[in-house]
Amino acid sequence: MTPPAAALPRSYLFVPASRPERIGKARQSGADAVIVDLEDAVEPAAKPAARAALAQAADALTDAGPGTLWLRINALDTAHAADDLCLLGALRQQGCCIGAMVPKAGDAAALQALPPDVPVLALIETALGLGQAHRLGDVPAVQRLAFGSIDYALDLGGIDPADHEALRHARSTLVWASRCADLPPPVDGVTPAIDDEAALAADNAEARRLGFAARLCIHPRQVAAVHAALAPTAAERAWAERVVAAAGEGGAVQLDGRMIDRPVLLRAQRLLAATR
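Residues numbered from 1 in each chain as written. Predicted model: local features only at pLDDT ≥ 70, side-chain atom pairs only at ≥ 80, totals over all residues. Heavy atoms only, no water.

## A look at the overall build of the protein
Looking only at helices and strands, the protein has twelve helices and ten strands in total. For 276 residues, the compact-globule estimate of 2.2 N^0.38 gives 19 Å, and the protein sits close to it at 19 Å. When its C-alpha atoms are laid out on the principal axes, the protein stretches across 65 × 40 × 40 Å. Counting over 276 residues, the protein shows a buried share of 43%. (Helix = DSSP H or I, 4+ residues; strand = E, 2+ residues; numbered from the N terminus. Rg over C-alpha atoms; globule rule 2.2 N^0.38 Å. Buried < 20%, exposed > 50% of the residue type's maximum accessible area, 1.4 Å probe, protein only.)

## Some remarks on the pattern of salt bridges
Tallied over the entire structure, the rule returns 17 salt bridges. The salt bridge involving Arg72 is made with Asp40; its shortest N-O contact spans 3.7 Å. In this pair, Arg72 sits in strand β3 (residues 69-72) while Asp40 sits in the loop between β2 (33-37) and α2 (47-56), placing the two residues 32 residues apart along the sequence. We classify Arg72 as buried; its relative accessible area is 7%. Look at Asp40 and you get exposed, because its relative accessible area is 51%. Put simply, Asp117 and Arg92 hold a salt bridge, and the shortest N to O gap is 3.9 Å. Residue Asp117 is found in the loop between α4 (108-112) and β5 (120-124), and its partner Arg92 is found in helix α3 (residues 81-93); the two are separated by 25 residues along the sequence. Judged by relative accessible area, which is 23%, Arg92 ranks as partly exposed. Look at the salt bridges and you will find they share partners, linking Asp37, Glu39, Asp40, Arg72, Lys104, Glu125 and Asp151 into a network. (Salt bridge = Lys/Arg side-chain N within 4 Å of Asp/Glu carboxyl O.)

## Digging into unusual backbone geometry
Positive phi is not limited to glycine here, since Lys104 has a value of about 50°. On the secondary structure map, Lys104 appears in the loop between β4 (99-102) and α4. The exposure class assigned to Lys104 is partly exposed, which follows from its relative accessible area of 34%. The phi dihedral of Asp182 is positive, around 60°, even though this residue is not glycine. Take Asp182: it is sitting in the loop between α8 (164-180) and β7 (187-188).

## Considerations on the environment of Glu206
Its location among the elements puts Glu206 in helix α9 (residues 197-210). Looking at Glu206, the relative accessible area reads 1%, which means it is buried. For the pair Glu206 and Asp182, spaced 24 residues apart in the sequence, the C-alpha separation amounts to 22 Å. Every residue in contact with Glu206, bar those within four places of it in the chain, is listed here: His164 and Arg168. A polar contact of 2.4 Å, which involves the side chain of Glu206, links it to the side chain of Arg209. (Contact = heavy atoms within 4.5 Å. Polar contact = N/O pair within 3.5 Å; in protein donor to acceptor, adjacent residues only side chain to side chain.)

See the structure below:
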């Protein structure tokens, strides 16, 4: 069952698994959720040590609420995945409410083979994954779809991941696939330029325009801007309040010369529900 929009994370902040001492700071950064990264953030030779360090930090993670802590494992077709899943199981046995972000997701059967009690964020990073997105979303364990825009652009031959027009089809497809699977709106990819406020603002605007309701973040300073950009504006809230007041018990009415019927009322109600 899809949780209420207001309860959904808007930001997922990455932390390297090799630096477990940063997890606490990340959880206090204002981000709605934290992703401990065992994939791209950790070199192959350092992965065993990162797993061991993370296992030692389990006691400090047991207070994490559902949906707020994730482990990005290595792709399921790699030699590292089995050890990552063992670590995930051990953390959960110790009381950590932690889910799995699965990179390069593209095979629904592979996701269905994961332990049934583990919630999954399916990270779409390839053309194959995009083509299977609606099937991936139907896997019961999948809580949400996410877009790995940089790897996806590379998979398409190295197009510019900052080119919004070039990736608009992929983003719109993930929004469509999420709706088809009755999932919450998907999570958009990262803005790699940490100090480029204009780039972050443009990426945030594109994500919201296309129907995303969250973004992946690589630095704590991106979190507040993501939250502000994805939230209804003051003007939108005022409009929604007026629509709800005008609609009363329902039925078509006019407001400012425009017809207010059920779809418009529902949009207004959703805007108000998304306000935090």
